[in-house]
Amino acid sequence: MLPTGSNEQICIVGAGPVGLYLARALSDAGFRCRVLESRGPDQFRADRRGLALSWGSHLKLLGAGVDLRKIGTATPILAVHVSQCHAVGRTHLLASDISLPALGFVATYGDVVDSILKRARETCEIDFGTTVERIDDEGDGVRLTTSGGPVAARVAVIADGGGALLDSAGFTVRSDDYGVHALVGTVRVAKGSSGTAFERFTDHGPLALLPSFDGYALVWTLPPEIAERLVSASSGHVLDALQQSFGWRLGRFLAIRDRGAFPLSLRRTSPIARGNVAVIGNAAQTLHPVAGQGLNLGLRDAWALTKALTNAGNASAKVLEGYAASRQLDRTVTIGITDFLARAFRISMPGAAAARACGLEILDLLPVPRRSFTSLLTSVPLR
(Lines give C-alpha, C1' and ligand atoms only; values in the text may rest on other atoms or scores of the structure.)
Protein backbone atom coordinates (compact mmCIF):
# COMPACT_ATOMS: atom_id res chain seq x y z
CA MET A 1 0.00 0.00 0.00
CA LEU A 2 1.31 3.45 -0.96
CA PRO A 3 1.58 6.04 1.80
CA THR A 4 -1.11 8.70 1.40
CA GLY A 5 0.26 11.83 -0.21
CA SER A 6 3.71 10.32 -0.73
CA ASN A 7 6.06 12.73 -2.49
CA GLU A 8 8.53 11.37 -5.03
CA GLN A 9 10.63 13.56 -7.26
CA ILE A 10 9.96 11.40 -10.36
CA CYS A 11 7.12 8.91 -10.70
CA ILE A 12 7.29 6.34 -13.52
CA VAL A 13 4.14 4.56 -14.65
CA GLY A 14 4.94 1.11 -16.08
CA ALA A 15 7.47 -1.53 -15.03
CA GLY A 16 8.38 -2.91 -18.43
CA PRO A 17 12.01 -2.90 -19.66
CA VAL A 18 11.97 0.80 -20.60
CA GLY A 19 10.34 2.05 -17.37
CA LEU A 20 12.62 -0.05 -15.15
CA TYR A 21 15.73 0.98 -17.08
CA LEU A 22 14.76 4.64 -16.67
CA ALA A 23 14.22 4.14 -12.92
CA ARG A 24 17.65 2.58 -12.44
CA ALA A 25 19.43 5.14 -14.63
CA LEU A 26 17.78 8.10 -12.89
CA SER A 27 18.45 6.66 -9.46
CA ASP A 28 22.12 6.26 -10.38
CA ALA A 29 22.07 9.96 -11.34
CA GLY A 30 20.78 10.93 -7.90
CA PHE A 31 17.04 11.34 -8.52
CA ARG A 32 14.40 9.85 -6.22
CA CYS A 33 12.14 7.57 -8.25
CA ARG A 34 9.06 5.45 -7.70
CA VAL A 35 7.68 2.98 -10.27
CA LEU A 36 3.95 2.13 -10.30
CA GLU A 37 2.75 -1.00 -12.11
CA SER A 38 -0.73 -2.52 -12.20
CA ARG A 39 0.45 -6.06 -12.87
CA GLY A 40 2.38 -8.36 -10.59
CA PRO A 41 6.02 -9.42 -11.16
CA ASP A 42 5.02 -13.03 -11.89
CA GLN A 43 3.05 -11.86 -14.93
CA PHE A 44 6.25 -10.42 -16.38
CA ARG A 45 8.35 -13.48 -15.59
CA ALA A 46 5.83 -15.76 -17.33
CA ASP A 47 6.12 -13.85 -20.62
CA ARG A 48 8.35 -15.95 -22.91
CA ARG A 49 8.22 -13.72 -25.99
CA GLY A 50 11.57 -13.17 -27.65
CA LEU A 51 12.91 -9.62 -27.52
CA ALA A 52 15.51 -8.30 -29.96
CA LEU A 53 17.91 -5.86 -28.30
CA SER A 54 20.56 -4.05 -30.33
CA TRP A 55 24.20 -3.76 -29.34
CA GLY A 56 23.55 -0.12 -28.47
CA SER A 57 20.76 -1.21 -26.12
CA HIS A 58 23.12 -3.75 -24.59
CA LEU A 59 25.61 -0.96 -23.83
CA LYS A 60 22.92 1.22 -22.27
CA LEU A 61 21.70 -1.61 -20.05
CA LEU A 62 25.28 -2.47 -19.13
CA GLY A 63 25.67 1.09 -17.87
CA ALA A 64 22.74 0.42 -15.54
CA GLY A 65 24.33 -2.79 -14.26
CA VAL A 66 22.42 -5.23 -16.50
CA ASP A 67 24.61 -7.52 -18.65
CA LEU A 68 22.54 -9.27 -21.32
CA ARG A 69 25.36 -11.78 -21.81
CA LYS A 70 24.64 -13.16 -18.33
CA ILE A 71 20.96 -13.84 -19.00
CA GLY A 72 20.46 -17.57 -19.50
CA THR A 73 18.14 -17.21 -22.48
CA ALA A 74 20.20 -14.51 -24.24
CA THR A 75 21.48 -15.46 -27.69
CA PRO A 76 23.80 -13.20 -29.72
CA ILE A 77 22.78 -12.09 -33.21
CA LEU A 78 25.91 -12.31 -35.35
CA ALA A 79 24.27 -11.69 -38.73
CA VAL A 80 20.96 -10.84 -40.40
CA HIS A 81 19.94 -12.51 -43.65
CA VAL A 82 17.33 -10.53 -45.63
CA SER A 83 15.50 -12.02 -48.62
CA GLN A 84 12.12 -12.06 -50.36
CA CYS A 85 9.89 -15.05 -51.02
CA HIS A 86 9.39 -16.24 -54.64
CA ALA A 87 11.92 -13.71 -55.95
CA VAL A 88 15.67 -13.13 -56.18
CA GLY A 89 17.60 -10.59 -54.16
CA ARG A 90 19.14 -10.88 -50.72
CA THR A 91 21.37 -9.01 -48.28
CA HIS A 92 23.63 -10.38 -45.56
CA LEU A 93 24.43 -7.98 -42.71
CA LEU A 94 27.33 -8.97 -40.45
CA ALA A 95 28.42 -7.72 -37.03
CA SER A 96 32.02 -8.03 -38.21
CA ASP A 97 31.32 -5.48 -40.96
CA ILE A 98 31.13 -2.77 -38.31
CA SER A 99 33.70 -4.29 -35.94
CA LEU A 100 31.24 -5.39 -33.27
CA PRO A 101 31.15 -8.80 -31.53
CA ALA A 102 27.37 -9.00 -32.15
CA LEU A 103 24.57 -6.98 -33.69
CA GLY A 104 22.58 -7.54 -30.52
CA PHE A 105 20.87 -10.24 -28.48
CA VAL A 106 17.59 -12.12 -28.32
CA ALA A 107 16.25 -12.93 -24.86
CA THR A 108 12.82 -13.65 -23.40
CA TYR A 109 10.77 -10.68 -22.22
CA GLY A 110 10.39 -12.15 -18.73
CA ASP A 111 14.11 -12.68 -18.25
CA VAL A 112 15.00 -9.19 -19.49
CA VAL A 113 12.46 -7.56 -17.16
CA ASP A 114 13.57 -9.69 -14.21
CA SER A 115 17.23 -8.77 -14.74
CA ILE A 116 16.52 -5.03 -14.89
CA LEU A 117 14.08 -5.29 -11.97
CA LYS A 118 16.75 -6.76 -9.69
CA ARG A 119 19.00 -3.76 -10.37
CA ALA A 120 16.20 -1.17 -10.16
CA ARG A 121 15.05 -2.47 -6.77
CA GLU A 122 18.48 -1.71 -5.35
CA THR A 123 17.98 2.03 -5.72
CA CYS A 124 14.25 2.80 -6.00
CA GLU A 125 10.86 1.52 -4.92
CA ILE A 126 8.73 -0.57 -7.27
CA ASP A 127 5.02 -0.82 -6.43
CA PHE A 128 3.40 -3.76 -8.23
CA GLY A 129 -0.36 -4.21 -8.13
CA THR A 130 -0.89 -0.45 -8.15
CA THR A 131 -3.09 0.98 -10.90
CA VAL A 132 -2.70 4.63 -11.88
CA GLU A 133 -6.16 5.98 -12.67
CA ARG A 134 -5.33 9.59 -13.49
CA ILE A 135 -2.47 12.08 -13.72
CA ASP A 136 -3.18 15.75 -12.97
CA ASP A 137 -0.58 18.40 -13.77
CA GLU A 138 -0.76 21.04 -11.02
CA GLY A 139 1.84 23.41 -12.46
CA ASP A 140 4.52 22.98 -9.81
CA GLY A 141 4.20 19.19 -9.89
CA VAL A 142 1.85 16.32 -10.63
CA ARG A 143 -0.68 14.36 -8.62
CA LEU A 144 -1.37 10.75 -9.51
CA THR A 145 -4.63 9.13 -8.44
CA THR A 146 -3.85 5.46 -7.83
CA SER A 147 -5.54 2.37 -6.41
CA GLY A 148 -3.26 2.77 -3.37
CA GLY A 149 -3.97 6.43 -2.74
CA PRO A 150 -2.72 9.78 -4.09
CA VAL A 151 0.92 10.19 -5.08
CA ALA A 152 2.59 13.57 -5.55
CA ALA A 153 5.70 13.99 -7.68
CA ARG A 154 7.70 16.69 -9.39
CA VAL A 155 7.24 15.06 -12.79
CA ALA A 156 5.58 11.90 -14.08
CA VAL A 157 6.79 9.64 -16.89
CA ILE A 158 4.32 7.41 -18.73
CA ALA A 159 6.10 4.21 -19.78
CA ASP A 160 2.99 2.04 -19.86
CA GLY A 161 2.61 0.73 -23.41
CA GLY A 162 -1.13 0.26 -22.96
CA GLY A 163 -1.59 4.02 -23.33
CA ALA A 164 -4.64 4.21 -21.03
CA LEU A 165 -3.50 7.46 -19.39
CA LEU A 166 -2.46 9.38 -22.49
CA ASP A 167 -5.82 10.85 -23.47
CA SER A 168 -6.75 12.05 -19.97
CA ALA A 169 -3.27 13.56 -19.58
CA GLY A 170 -3.82 15.70 -22.68
CA PHE A 171 -1.76 13.78 -25.24
CA THR A 172 -2.86 13.01 -28.79
CA VAL A 173 -2.44 9.47 -30.11
CA ARG A 174 -2.53 8.75 -33.84
CA SER A 175 -2.94 5.12 -34.87
CA ASP A 176 -2.53 3.66 -38.39
CA ASP A 177 -3.68 0.06 -38.74
CA TYR A 178 -1.53 -2.07 -41.06
CA GLY A 179 -4.43 -4.45 -41.59
CA VAL A 180 -2.33 -7.49 -40.67
CA HIS A 181 -1.61 -9.61 -37.59
CA ALA A 182 1.66 -10.98 -36.23
CA LEU A 183 1.73 -14.70 -35.53
CA VAL A 184 4.35 -15.30 -32.84
CA GLY A 185 5.83 -18.40 -31.25
CA THR A 186 9.01 -20.41 -30.85
CA VAL A 187 10.03 -22.94 -33.49
CA ARG A 188 12.54 -25.78 -33.45
CA VAL A 189 14.40 -26.56 -36.68
CA ALA A 190 16.55 -29.37 -38.02
CA LYS A 191 19.67 -27.21 -38.25
CA GLY A 192 21.03 -25.61 -35.09
CA SER A 193 21.23 -21.84 -34.71
CA SER A 194 24.35 -20.21 -36.13
CA GLY A 195 23.54 -16.82 -34.63
CA THR A 196 21.88 -15.59 -37.83
CA ALA A 197 18.53 -13.81 -37.78
CA PHE A 198 16.34 -14.13 -40.86
CA GLU A 199 14.01 -11.50 -42.28
CA ARG A 200 12.09 -12.92 -45.23
CA PHE A 201 9.55 -10.75 -47.00
CA THR A 202 6.46 -12.65 -48.15
CA ASP A 203 3.35 -11.57 -50.04
CA HIS A 204 1.75 -10.54 -46.72
CA GLY A 205 4.77 -8.85 -45.12
CA PRO A 206 7.91 -9.84 -43.20
CA LEU A 207 8.53 -13.24 -41.66
CA ALA A 208 11.25 -13.00 -39.02
CA LEU A 209 13.14 -15.80 -37.30
CA LEU A 210 15.40 -14.70 -34.45
CA PRO A 211 18.01 -17.09 -33.02
CA SER A 212 16.97 -18.22 -29.56
CA PHE A 213 18.46 -20.45 -26.89
CA ASP A 214 15.93 -23.19 -27.74
CA GLY A 215 15.30 -22.62 -31.46
CA TYR A 216 14.04 -19.50 -33.20
CA ALA A 217 11.58 -16.82 -32.10
CA LEU A 218 9.00 -16.41 -34.86
CA VAL A 219 7.25 -13.18 -35.90
CA TRP A 220 5.17 -13.82 -39.02
CA THR A 221 3.03 -11.10 -40.65
CA LEU A 222 -0.25 -12.47 -42.00
CA PRO A 223 -3.80 -11.39 -42.84
CA PRO A 224 -5.91 -11.46 -39.65
CA GLU A 225 -8.07 -14.40 -40.71
CA ILE A 226 -5.04 -16.56 -41.58
CA ALA A 227 -3.17 -15.66 -38.39
CA GLU A 228 -6.17 -16.50 -36.22
CA ARG A 229 -6.69 -19.77 -38.06
CA LEU A 230 -3.05 -20.79 -37.59
CA VAL A 231 -3.18 -20.04 -33.86
CA SER A 232 -5.72 -22.81 -33.39
CA ALA A 233 -4.61 -25.14 -36.22
CA SER A 234 -2.61 -28.30 -35.66
CA SER A 235 1.14 -27.89 -35.25
CA GLY A 236 1.72 -29.92 -38.41
CA HIS A 237 -0.45 -27.59 -40.47
CA VAL A 238 1.34 -24.49 -39.14
CA LEU A 239 4.79 -25.98 -39.76
CA ASP A 240 3.87 -26.91 -43.33
CA ALA A 241 2.63 -23.38 -44.04
CA LEU A 242 5.75 -21.90 -42.47
CA GLN A 243 7.99 -24.23 -44.49
CA GLN A 244 6.30 -23.13 -47.70
CA SER A 245 6.78 -19.43 -46.92
CA PHE A 246 10.30 -19.57 -45.49
CA GLY A 247 11.90 -22.38 -47.48
CA TRP A 248 14.51 -24.94 -46.48
CA ARG A 249 17.49 -22.79 -45.50
CA LEU A 250 17.20 -24.07 -41.91
CA GLY A 251 16.10 -27.54 -42.88
CA ARG A 252 12.75 -28.89 -41.73
CA PHE A 253 10.66 -27.08 -39.12
CA LEU A 254 10.12 -29.68 -36.41
CA ALA A 255 7.95 -28.09 -33.70
CA ILE A 256 6.22 -24.86 -32.65
CA ARG A 257 5.00 -23.73 -29.24
CA ASP A 258 3.68 -20.63 -27.43
CA ARG A 259 1.61 -19.53 -30.42
CA GLY A 260 -0.29 -16.26 -30.32
CA ALA A 261 -1.46 -13.49 -32.66
CA PHE A 262 -2.03 -9.76 -32.34
CA PRO A 263 -2.86 -6.87 -34.72
CA LEU A 264 -0.09 -4.62 -36.01
CA SER A 265 -0.36 -0.86 -36.17
CA LEU A 266 1.80 2.24 -36.05
CA ARG A 267 0.89 4.38 -33.05
CA ARG A 268 2.46 7.76 -32.33
CA THR A 269 1.91 10.06 -29.37
CA SER A 270 2.30 13.82 -29.64
CA PRO A 271 3.80 15.68 -28.04
CA ILE A 272 6.01 13.35 -25.97
CA ALA A 273 6.26 15.94 -23.20
CA ARG A 274 3.47 18.17 -21.95
CA GLY A 275 3.98 20.27 -18.86
CA ASN A 276 5.33 18.05 -16.10
CA VAL A 277 4.52 14.76 -17.87
CA ALA A 278 6.80 12.92 -20.32
CA VAL A 279 6.12 9.85 -22.46
CA ILE A 280 8.64 7.15 -23.39
CA GLY A 281 8.83 3.70 -25.00
CA ASN A 282 5.71 2.03 -26.41
CA ALA A 283 3.61 4.77 -24.84
CA ALA A 284 5.41 7.24 -27.13
CA GLN A 285 5.43 5.05 -30.24
CA THR A 286 4.43 1.49 -31.09
CA LEU A 287 6.14 0.21 -34.24
CA HIS A 288 5.74 -2.65 -36.68
CA PRO A 289 8.14 -5.42 -35.57
CA VAL A 290 10.05 -5.39 -38.88
CA ALA A 291 13.74 -4.64 -38.11
CA GLY A 292 13.01 -5.07 -34.38
CA GLN A 293 13.42 -1.40 -33.46
CA GLY A 294 10.53 -0.75 -31.03
CA LEU A 295 12.22 -1.62 -27.73
CA ASN A 296 15.54 -0.17 -28.85
CA LEU A 297 13.92 3.16 -29.71
CA GLY A 298 12.17 3.11 -26.32
CA LEU A 299 15.44 2.56 -24.47
CA ARG A 300 16.92 5.50 -26.36
CA ASP A 301 13.93 7.57 -25.17
CA ALA A 302 14.76 6.64 -21.57
CA TRP A 303 18.47 7.32 -22.06
CA ALA A 304 17.77 10.75 -23.59
CA LEU A 305 15.38 11.67 -20.76
CA THR A 306 17.98 10.62 -18.19
CA LYS A 307 20.61 12.72 -19.96
CA ALA A 308 18.32 15.79 -20.09
CA LEU A 309 17.42 15.56 -16.38
CA THR A 310 21.00 14.86 -15.32
CA ASN A 311 22.43 17.77 -17.33
CA ALA A 312 19.84 20.13 -15.86
CA GLY A 313 20.21 18.78 -12.32
CA ASN A 314 16.47 19.12 -11.73
CA ALA A 315 13.10 17.85 -12.93
CA SER A 316 10.87 20.48 -14.53
CA ALA A 317 8.55 21.12 -17.46
CA LYS A 318 11.33 23.03 -19.26
CA VAL A 319 13.69 20.05 -19.02
CA LEU A 320 11.00 17.71 -20.34
CA GLU A 321 10.40 20.07 -23.26
CA GLY A 322 14.12 19.86 -24.09
CA TYR A 323 13.92 16.06 -23.94
CA ALA A 324 11.07 16.07 -26.46
CA ALA A 325 13.03 18.28 -28.86
CA SER A 326 16.09 16.04 -28.61
CA ARG A 327 14.07 12.98 -29.63
CA GLN A 328 12.53 14.41 -32.77
CA LEU A 329 15.16 13.33 -35.32
CA ASP A 330 15.74 9.80 -34.01
CA ARG A 331 12.02 9.11 -33.69
CA THR A 332 11.23 10.51 -37.16
CA VAL A 333 13.98 8.50 -38.88
CA THR A 334 13.33 5.21 -37.06
CA ILE A 335 9.55 5.40 -37.43
CA GLY A 336 9.92 6.39 -41.09
CA ILE A 337 12.27 3.54 -42.00
CA THR A 338 10.22 0.96 -40.09
CA ASP A 339 6.98 2.11 -41.71
CA PHE A 340 8.59 2.12 -45.17
CA LEU A 341 9.87 -1.46 -44.79
CA ALA A 342 6.50 -2.65 -43.47
CA ARG A 343 4.69 -1.23 -46.49
CA ALA A 344 7.22 -1.44 -49.35
CA PHE A 345 7.57 -5.21 -49.35
CA ARG A 346 3.78 -5.68 -49.62
CA ILE A 347 3.51 -3.74 -52.89
CA SER A 348 2.46 -6.19 -55.60
CA MET A 349 2.34 -3.97 -58.71
CA PRO A 350 4.31 -5.14 -61.79
CA GLY A 351 8.05 -4.66 -61.36
CA ALA A 352 7.88 -4.21 -57.59
CA ALA A 353 9.61 -7.52 -56.81
CA ALA A 354 12.38 -6.75 -59.29
CA ALA A 355 12.90 -3.30 -57.78
CA ARG A 356 13.11 -4.79 -54.29
CA ALA A 357 15.57 -7.43 -55.52
CA CYS A 358 17.73 -4.74 -57.05
CA GLY A 359 17.70 -2.75 -53.81
CA LEU A 360 18.68 -5.79 -51.72
CA GLU A 361 21.52 -6.73 -54.08
CA ILE A 362 22.87 -3.16 -54.16
CA LEU A 363 22.80 -3.05 -50.37
CA ASP A 364 24.67 -6.36 -50.27
CA LEU A 365 27.31 -5.36 -52.82
CA LEU A 366 28.12 -1.81 -51.67
CA PRO A 367 30.03 -1.74 -48.34
CA VAL A 368 29.22 1.86 -47.34
CA PRO A 369 25.38 1.69 -47.47
CA ARG A 370 25.45 -1.84 -46.05
CA ARG A 371 27.58 -0.73 -43.09
CA SER A 372 25.37 2.33 -42.59
CA PHE A 373 22.19 0.24 -42.46
CA THR A 374 23.84 -2.30 -40.15
CA SER A 375 24.89 0.54 -37.87
CA LEU A 376 21.28 1.75 -37.78
CA LEU A 377 20.11 -1.68 -36.64
CA THR A 378 22.67 -1.80 -33.83
CA SER A 379 22.00 1.76 -32.57
CA VAL A 380 25.78 2.29 -32.65
CA PRO A 381 27.34 5.06 -34.82
CA LEU A 382 29.95 3.99 -37.35
CA ARG A 383 33.51 4.40 -36.16
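Residues numbered from 1 in each chain as written. Predicted model: local features only at pLDDT ≥ 70, side-chain atom pairs only at ≥ 80, totals over all residues. Heavy atoms only, no water.

Q: Just to check I follow, could you spell out the overall build of the protein chain for this structure?
A: Helix and strand counts for the protein chain come out as eleven helices and 19 strands. Taken against the 2.2 N^0.38 rule, which gives 21 Å for 383 residues, the C-alpha radius of gyration of the protein chain at 21 Å falls within 12% of a compact globule. Across its three principal directions, the C-alpha atoms of the protein chain cover 60 × 45 × 40 Å. By the burial criterion, 56% of the 383 residues in the protein chain qualify as buried. Across the protein chain, contacts joining residues at least 24 apart in sequence account for 72% of those joining residues at least 6 apart. With the model as given, the accessible surface of the protein chain reaches about 16,100 Å², and the carbon-plus-sulfur share is 54%. (Helix = DSSP H or I, 4+ residues; strand = E, 2+ residues; numbered from the N terminus. Rg over C-alpha atoms; globule rule 2.2 N^0.38 Å. Buried < 20%, exposed > 50% of the residue type's maximum accessible area, 1.4 Å probe, protein only. Contact = heavy atoms within 4.5 Å. Areas by Shrake-Rupley, 256 points an atom, 1.4 Å probe, with all protein chains shown as cover.)

Q: Help me out: how do you make sense of the packing of helix H1 (residues 17-28) against helix H4 (residues 109-120) in this one?
A: Geometrically, a packed helix pair is captured by the angle between its two axes and the distance between the axes. At a minimum axis separation of 9 Å, H1 and H4 run at an interaxial angle of 20°. By the angle class used here, H1 and H4 are roughly parallel. Considering only the axes of H1 and H4, their crossing is left-handed. On H4, the residues touching Pro17, Leu20, Tyr21 and Arg24 of H1 are Tyr109, Val112, Val113, Ile116, Leu117, Arg119 and Ala120. Grouping the constituent residues of the contact of H1 with H4 by class yields nine nonpolar, no polar and two charged. (Axes fitted to C-alpha atoms, helices over the stretch in contact; angles between N-to-C directions. Parallel < 35°, antiparallel > 145°, perpendicular 65-115°, else oblique. Left-handed = near helix turned anticlockwise from the far one by under 90°. Nonpolar A, V, L, I, M, F, W, Y, C, P; charged D, E, K, R; others polar.)

Q: It is not clear to me how the sheet that holds strand E15 (residues 215-222) should be interpreted in this structure. Could you clarify?
A: Strand pairing in a sheet relies on backbone hydrogen bonds, with the paired strands running either antiparallel or parallel. Across the sheet, which stays open at both edges, the eight strands sit in the order E6-E5-E13-E14-E15-E12-E16-E19 with mixed pairing between neighbours. The sheet is open, and its two edges are formed by strand E6 (90-94) and strand E19 (285-286), each paired on a single side. By the bridge criterion, seven bridges tie strand E12 (residues 172-189) to E15 in an arrangement that is antiparallel. Counted as the bridge partner of Ala182 is Thr221 from E15. (Pairing = 2+ DSSP bridges.)

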